[in-house]
Amino acid sequence: MKALTWQSRGTITCETVPDPTIEHGRDVIIKVTACAICGSDLHLMGGFMPTMECGDILGHETMGEVIEVGRDNHKLKVGDRIVVPFTICCGECRQCKWGNWSCCERTNPNGKLQAQTYGYPLAGLFGFSHITGGFAGGQAEYLRVPYADVGPIVVPEGLSDEQVLFLSDIFPTAYQAAEHCDIGPEDTVAIWGCGPVGVLAVKCCYLLGAKRVIAIDSVPERLALAREAGAETIDLGHQNVQDTLMEMTHGLGPDSVIEAVGMESHGADTTLQKVSSAIMEHTVSLERPFALNQAILACRPGGNVSMPGVFAGPVGPVALGILMNKGLTLKTGQTHMVRYMKPLLEHIQNGDIDPSFIISHRSTNLEEGPALYDAFRDKTDNCTKVVFKPHG
C-alpha cells in the first residue's frame, strides 16, 4: 500500500509499504476513505517530537471501511464505516473507567520508555512517535486499528466523510478546550491560534454559550476563517494583543483564554516576553511558549487558561508567577476522545455544526502528500486544512 512516511527532520515521503494485518483479536483493518494532516503532524515533521524513526507512517485523523475483523471483536463487522480516534484505549484500566481516556495505562507498548519522561505510561497514539507506542498512522491506504472495540464509532447513513472525519481529533480537541473554560452566558473567550483547532474552538465556545469570542493570529486566511466561524479577530502582526484585548473588553479582559498554538509559537509583546523570546529563539532544545505567556497575561484575574496546544518536553520560560498571582486555573491534556465523539456526532446530525468548512485542500493521491505538508507548514496557497481520500 501507499503511505506518507517520516524520513528525517523536514522530510516527508510517499512510500510503498506492507499492508497491515490483524495482530490481536480486538483489531480491525480499515480501508482508509479519508484522512487529514493535523497541525501536530507538523511538530513531527519539524523534528520536535523525540523517538521518530525513518519510515514511520504518519497520521492520526482517519476514518474508513472495516474490511477485516479480529476474532475477539464483537462490536464491529465488515462493511462498517468508522471514525477512528487518535488515542488508543483499552476500556478496562482504572483511567479508562474514570473517563480519562487519553491516560489509558495499557495501550502503549513502550509505556516504560514513556514513563521515563512523563512519570507514567499514557495512551498509545496513532502515527505519533515510538514514545507513544510506535503505531502506524492513518495517512495510508489501509490501517490496523488496535482495541477497535473501544474507541471507534460507526458513522450513520446520510453523513459524508468530510462532515465526520474531524471527530477523529480536532473537533473533540476543540470542544474539550472550550469545556475547560467553564463558559458562562456573559463570558468572553480569547483564542490564540486560528488553525483548525482554534477555529473549531470558536464554534465550540458558542455551542457552550459564550457571548463573545476573540481570535488571535497573523495569517490573513486563518483570521478570515475565524471570522467566518463567528469570532472577532486581532492580527498580532499589526496590533499589540494585550492593548487591543483590553480596549475591546473595556478594560475587563477575557474571562477565559485558549492556547491553540503549542510548542512552535512565535512573537512577543511585553518586556518579559521579549527577554524570554531572545533566549528561546536561540535555544533549540526548548519549546516556545510565546502564545501561552500572552494568554496568561491577557486572562482576567480568577479566569481560566485552557491549553490544547501540543507540548512534548522542556519548555522555555513560562509566566508561572503571573498565573499564580492572578489566581488562574490551568487545564490541559490530550483529548479524552471517547467522552466526546458520540455527543459531537449528534451535533453534526442535528445540523448545529459542519466541521468540514475548515477544509481548504483535497487530494485523492497520497503522492501529493509531501508538497501538501509543505504548503500546510508554510501557510502558502491559503492552506488551512488538507484532506486525503486515498482510494478516490
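Thresholds, definitions, all that
- Residues numbered from 1 in each chain as written.
- Predicted model: local features only at pLDDT ≥ 70, side-chain atom pairs only at ≥ 80, totals over all residues.
- Heavy atoms only, no water.
- Helix = DSSP H or I, 4+ residues; strand = E, 2+ residues; numbered from the N terminus.
- Rg over C-alpha atoms; globule rule 2.2 N^0.38 Å.
- Buried < 20%, exposed > 50% of the residue type's maximum accessible area, 1.4 Å probe, protein only.
- Areas by Shrake-Rupley, 256 points an atom, 1.4 Å probe, with all protein chains shown as cover.
- Lys, Arg positive; Asp, Glu negative; His and termini not counted.
- Charge placed at Lys NZ, Arg CZ, Asp CG, Glu CD.
- Contact = heavy atoms within 4.5 Å.
- Arc of directions from axis to C-beta.
- Pairing = 2+ DSSP bridges.
- Axes fitted to C-alpha atoms, helices over the stretch in contact; angles between N-to-C directions.
- Phe/Tyr/Trp six-rings, centres within 6.5 Å; stacked < 30°, edge-to-face > 60°.
- Lys NZ or Arg CZ within 6 Å of the ring centre and 35° of its normal.
- Parallel < 35°, antiparallel > 145°, perpendicular 65-115°, else oblique.
- Nonpolar A, V, L, I, M, F, W, Y, C, P; charged D, E, K, R; others polar.
- 1 Å grid on protein atoms, 1.4 Å probe; cavity = no way out; pocket = protein on both sides within 12 Å on 5 of 7 lines; lining within 4 Å.
- Points joined across faces, edges and corners; volume = space filled by probe spheres on them.
- pLDDT = per-residue confidence, 0-100.
- Left-handed = near helix turned anticlockwise from the far one by under 90°.
- UniProt positions renumbered as here; feature names shortened; annotations may be inferred.

Student: What's the story with the overall build of the protein chain in this structure? I'm lost.
Tutor: Looking only at helices and strands, the protein chain features 13 helices and 18 strands. At 20 Å, the protein chain has a C-alpha radius of gyration in line with the 21 Å of a compact globule built from 392 residues. Principal-axis analysis of the C-alpha atoms gives the protein chain an extent of 60 × 45 × 45 Å. Split into buried and exposed, the 392 residues of the protein chain put 57% on the buried side. A total accessible area of about 15,700 Å² is found for the protein chain, and carbon and sulfur atoms account for 51% of it. Across the protein chain, the mean location of the 30 positive side-chain charges is 4 Å away from that of the 45 negative side-chain charges.

Student: Which parts of the structure should I look at to understand the environment of cysteine 383?
Tutor: Within the element layout of this structure, cysteine 383 appears in the loop between helix 13 (369-378) and strand 18 (386-388). Remark: the alpha-carbon pair of cysteine 383 and glutamate 221, spanning 162 residues in sequence, is separated by 8.3 Å. Here cysteine 383 is in contact with Glu221, Arg222, Ser360, His361, Ala375 and Phe376, once residues within four sequence places are set aside.

Student: What is the right way to look at helix 13 in this model?
Tutor: Think of an α-helix as 3.6 residues a turn; residues three or four steps apart then line up on the same face. Turning to helix 13, its buried residues are Gly369, Leu372, Tyr373, Ala375 and Phe376. Projected onto a plane normal to the axis of helix 13, the buried residues spread over an arc of 165° and lie on a single side. Following helix 13 by one or two positions, lysine 379 has its phi on the positive side, about 60°.

Student: Explain helix 10 (residues 290-298) to me, please; I cannot follow it from the model alone.
Tutor: Of all nine residues making up helix 10, eight are buried, and the element is well covered by its neighbours. Buried residues of helix 10: Phe290, Ala291, Leu292, Asn293, Gln294, Ala295, Ile296 and Ala298, and no others.

Student: What exactly am I supposed to notice about the sheet that holds strand 2 (residues 11-16) here?
Tutor: Sheet strands pair via backbone hydrogen bonds, and the direction of the pair is either parallel or antiparallel. The strand order 2-1-4 describes an open sheet built from three strands, whose pairing is antiparallel. Each end of this open sheet is capped by a strand with a single partner; those strands are strand 2 and strand 4 (56-57). Contacts from helix 13 reach strand 1 (2-8) and strand 2, with the element oriented near 155° to strand 2.

Student: Would you explain the side chain of glutamine 176 in this entry?
Tutor: Relative to the elements of secondary structure, glutamine 176 occurs in helix 5 (residues 170-179). Those residues within four positions of glutamine 176 in sequence are excluded, and the remaining contacts are Gly333, Gln334, Thr335, His336 and Tyr340.

Student: Hey, could you run me through the packing of aromatic side chains in this one?
Tutor: Centre distance and the angle of the planes are the two values used to describe a pair of aromatic rings. Enumeration according to the criterion identifies two aromatic pairs in this entry. When the ring of phenylalanine 126 is compared with that of phenylalanine 135, the centres are 6.5 Å apart and the planes differ by 55°; the resulting orientation is tilted. Accessibility expressed as a relative area gives 3% for phenylalanine 126, which makes it buried. The side chain of arginine 9 reaches across the aromatic face of phenylalanine 48, ending 5.8 Å from its centre. One Lys or Arg, lysine 203, reaches over the ring of phenylalanine 357 and ends 5.4 Å from the middle of that ring.

Student: What is the right way to look at the packing of helix 5 against helix 12 (residues 337-349) in this model?
Tutor: Two packed helices can be described by the angle between their axes and the distance between those axes. Here helix 5 crosses helix 12 at 100°, and the two axes come no closer than 9 Å. In terms of orientation, helix 5 lies roughly perpendicular with respect to helix 12. Taking contact as the criterion, the partners of Phe171, Pro172, Tyr175, Gln176 and Glu179 in helix 5 are, on helix 12, Met337, Tyr340, Met341, Leu344 and Ile348. For the contact of helix 5 with helix 12, a count of residues per class yields eight nonpolar, one polar and one charged.

Student: I keep staring at empty space enclosed by the protein and nothing clicks. Help me out?
Tutor: It is the rolling of a water-molecule-sized probe over the atoms that shows where space remains empty. Following the criterion strictly, the structure yields two cavities of 30 Å³ or more and no others. Thr173, Gln176, Ala177, His180, Ser306, Met307, Pro308, Lys331, Thr332, Gly333 and Thr335 together form the lining of the largest cavity. Broken down by secondary-structure element, the contributors of at least two residues to the lining of the largest cavity are helix 5, strand 15 (304-307) and strand 16 (329-332). Top contributing element to the lining of the largest cavity by residue count: helix 5, with three residues. For the lining of the largest cavity, the per-class residue count stands at three nonpolar, seven polar and one charged. In this structure, the second largest cavity spans a volume of roughly 30 Å³. If you trace the second largest cavity, you find it lined by Val84, Pro85, Thr87, Ile88, Cys89, Phe126, Val145, Pro146, Tyr147, Gly151 and Pro152. Grouping the constituent residues of the lining of the second largest cavity by class yields nine nonpolar, two polar and no charged.

Student: Any chance you could explain the confidence of the model for the protein chain here in plain terms?
Tutor: Detail in the predicted coordinates should be disregarded across regions flagged by low pLDDT. Put simply, the protein chain has an average pLDDT of 94, and 94% of its residues get 70 or more. Per-residue pLDDT stays below 50 along residues 275-285; that stretch engages in 14 contacts with residues further than four places along the chain or on separate chains.

Student: How do you make sense of the packing of helix 5 against helix 6 (residues 196-207) when you look at a structure like this?
Tutor: Between helix 5 and helix 6, the shortest axis-to-axis distance is 8 Å and the interhelical angle comes to 55°. As the angle between them shows, helix 5 and helix 6 are arranged oblique. Viewed along their axes, helix 5 and helix 6 form a crossing whose handedness is right-handed. Where helix 5 abuts helix 6, its residues Ile170, Phe171, Thr173, Ala174, Tyr175 and Ala178 lie against Pro196, Val197, Leu200, Ala201, Cys204 and Cys205. Among the residues making up the contact of helix 5 with helix 6, the classes are represented as eleven nonpolar, one polar and no charged.

Student: Help me understand the UniProt feature "domain: Alcohol dehydrogenase-like N-terminal" (unreviewed entry) in the protein chain in this model?
Tutor: The sites that UniProt annotates as "domain: Alcohol dehydrogenase-like N-terminal" (unreviewed entry) are residues 26-152. Span residues 26-152 is 16% helix and 26% strand, its end C-alpha atoms 12 Å apart.

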